[in-house]
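Geometric and topological summary
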Amino acid sequence: MSIKVKAIETDLSHFKDKQGNSLGFRYVLKPELYSKLSESKVIAEAALRSGVAKGVMAACWDAAGEVIKAWATEGHSVALPGLGTMRFGLRSNSVADVNDVAAKLISTRRIVFTPSVDLKDELKSASVSITCYDRNGEVVKRVTSTDDAEVEDDENENNGGENNGGTNTGGNTGGNTGGDNNGGGGNNGGVSND
């Protein structure tokens, strides 16, 4: 498996570095072949790989989806076979006085996905192929990863942001996919209550 990425020379002169200098042109990484696969395509492939009829697989898919939603709503961390677990969570602020506890403390509702070790291993073993394009759209270089393939583990990190004494009930899944990452998602909580 290979993750395909393009590095496009992009005018970032409207951005400044820490010293206040214009960034000028920079190569920015973006996903190349990421697309959304339809539910029907996933069901058809799963049916083919398992030897089950598409109709049976579709019924199982729908039933599993309903069970996952129901159990997550009840507060369970629900296993997603071969992928990991998912659960619902909240980001909220804290207060010193119990009389100030109210729903307005909740800043966001979230879906928290925790990948399985097998899924992380799959990502770690995947090579990354980068095709570099200059500002005229011409291919100027191709690179294949030889990095140490470290996989980010948001469950064990505070992903930046300010700690305003709030809580993050549901893990830290901030970050950025498919562009430059400026330090992850804004965690206005900072304390993980997992």
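Residues numbered from 1 in each chain as written. Predicted model: local features only at pLDDT ≥ 70, side-chain atom pairs only at ≥ 80, totals over all residues. Heavy atoms only, no water.

What to know about the sheet that holds strand 7 (residues 139-144)
Read across the sheet, 4 strands follow the order 2-1-6-7 without closing on themselves; strand pairing throughout is mixed. The open sheet has two edge strands, strand 2 (25-31) and strand 7, and neither has a second partner. Across this sheet, the average inter-strand angle for adjacent strands is 25°, counted without regard to direction. Two elements, strand 1 (residues 2-11) and strand 2, share 7 bridges in a ladder whose sense is antiparallel. Residue Val 5 lies in a different strand from strand 2, and its bridge partner there is Pro 31. (Pairing = 2+ DSSP bridges. Helix = DSSP H or I, 4+ residues; strand = E, 2+ residues; numbered from the N terminus. Axes fitted to C-alpha atoms, helices over the stretch in contact; angles between N-to-C directions.)

Observations concerning the nonpolar core
By size, the foremost hydrophobic cluster in this structure holds 6 residues: Ile 3, Val 5, Ala 7, Ala 126, Ile 130 and Cys 132. Among the secondary structure elements, those contributing two or more residues to this core are strand 1 and strand 6 (127-133). Examining the composition of this core, we find that 3 residues originate from one element, strand 1, more than from any other. (Core = buried A, V, L, I, M, F, W, Y, C linked by side-chain atoms within 4.5 Å. Buried < 20%, exposed > 50% of the residue type's maximum accessible area, 1.4 Å probe, protein only.)

Overview of a negative patch on the surface
Taken together, Asp 147, Asp 148, Glu 150 and Glu 152 make up a surface patch of like negative charges. Residue position: Glu 152 is located in the loop between strand 7 and strand 8 (166-169). According to the relative accessible area criterion, Glu 152 is partly exposed, its value standing at 47%. (Patch = residues over 30% accessible without salt bridge, like charges linked within 9 Å, V, L, I, M, F, W, Y side chains within 5 Å. Areas by Shrake-Rupley, 256 points an atom, 1.4 Å probe, with all protein chains shown as cover. Salt bridge = Lys/Arg side-chain N within 4 Å of Asp/Glu carboxyl O. Lys, Arg positive; Asp, Glu negative; His and termini not counted. Charge placed at Lys NZ, Arg CZ, Asp CG, Glu CD.)

Quick word on the packing of aromatic side chains
The tally for this structure, following the rule as stated, stands at 0 aromatic pairs. Across from the ring centre of Phe 25, 3.6 Å away, lies the NZ or CZ of Arg 135, which sits over that ring. (Phe/Tyr/Trp six-rings, centres within 6.5 Å; stacked < 30°, edge-to-face > 60°. Lys NZ or Arg CZ within 6 Å of the ring centre and 35° of its normal.)

Describing a nonpolar patch on the surface
Side chains of Val 95, Val 98 and Val 101 sit close together on the surface and give an oily, nonpolar patch of about 270 Å² of accessible area. For Val 98, the position within the fold is in the loop between strand 4 (84-92) and strand 5 (106-115).

Some points on the confidence of the model for the protein
Considering every residue of the protein, the mean pLDDT works out to 80; 78% of them sit at 70 or more. Note that pLDDT drops below 50 for residues 157-194; the model gives that stretch 86 contacts with residues more than four away or on any other chain. (pLDDT = per-residue confidence, 0-100. Contact = heavy atoms within 4.5 Å.)

Considerations on the pairing of strand 7
When strand 6 meets strand 7, the two strands line up antiparallel, connected through 5 bridges. Residue pairing across strands places Ser 129 opposite Thr 144, the latter belonging to strand 7. Hairpin remark: strand 6 followed by strand 7, antiparallel, with 5 residues in the connecting loop; positive phi at Gly 137, about 85°.

Observations regarding the packing of helix 1 (residues 39-50) against helix 2 (residues 54-73)
At a minimum axis separation of 9 Å, helix 1 and helix 2 run at an interaxial angle of 120°. Accordingly, the angle class assigned to the pair helix 1 and helix 2 is oblique. Where helix 1 crosses over helix 2, the two elements pack in a sense that is right-handed. Residues Glu 39, Val 42, Ile 43, Ala 44, Ala 46, Ala 47 and Ser 50 of helix 1 pack against Lys 54, Met 57, Ala 58, Trp 61 and Asp 62 of helix 2. Its residues assigned to classes, the contact of helix 1 with helix 2 comprises 8 nonpolar, 1 polar and 3 charged. (Parallel < 35°, antiparallel > 145°, perpendicular 65-115°, else oblique. Left-handed = near helix turned anticlockwise from the far one by under 90°. Nonpolar A, V, L, I, M, F, W, Y, C, P; charged D, E, K, R; others polar.)

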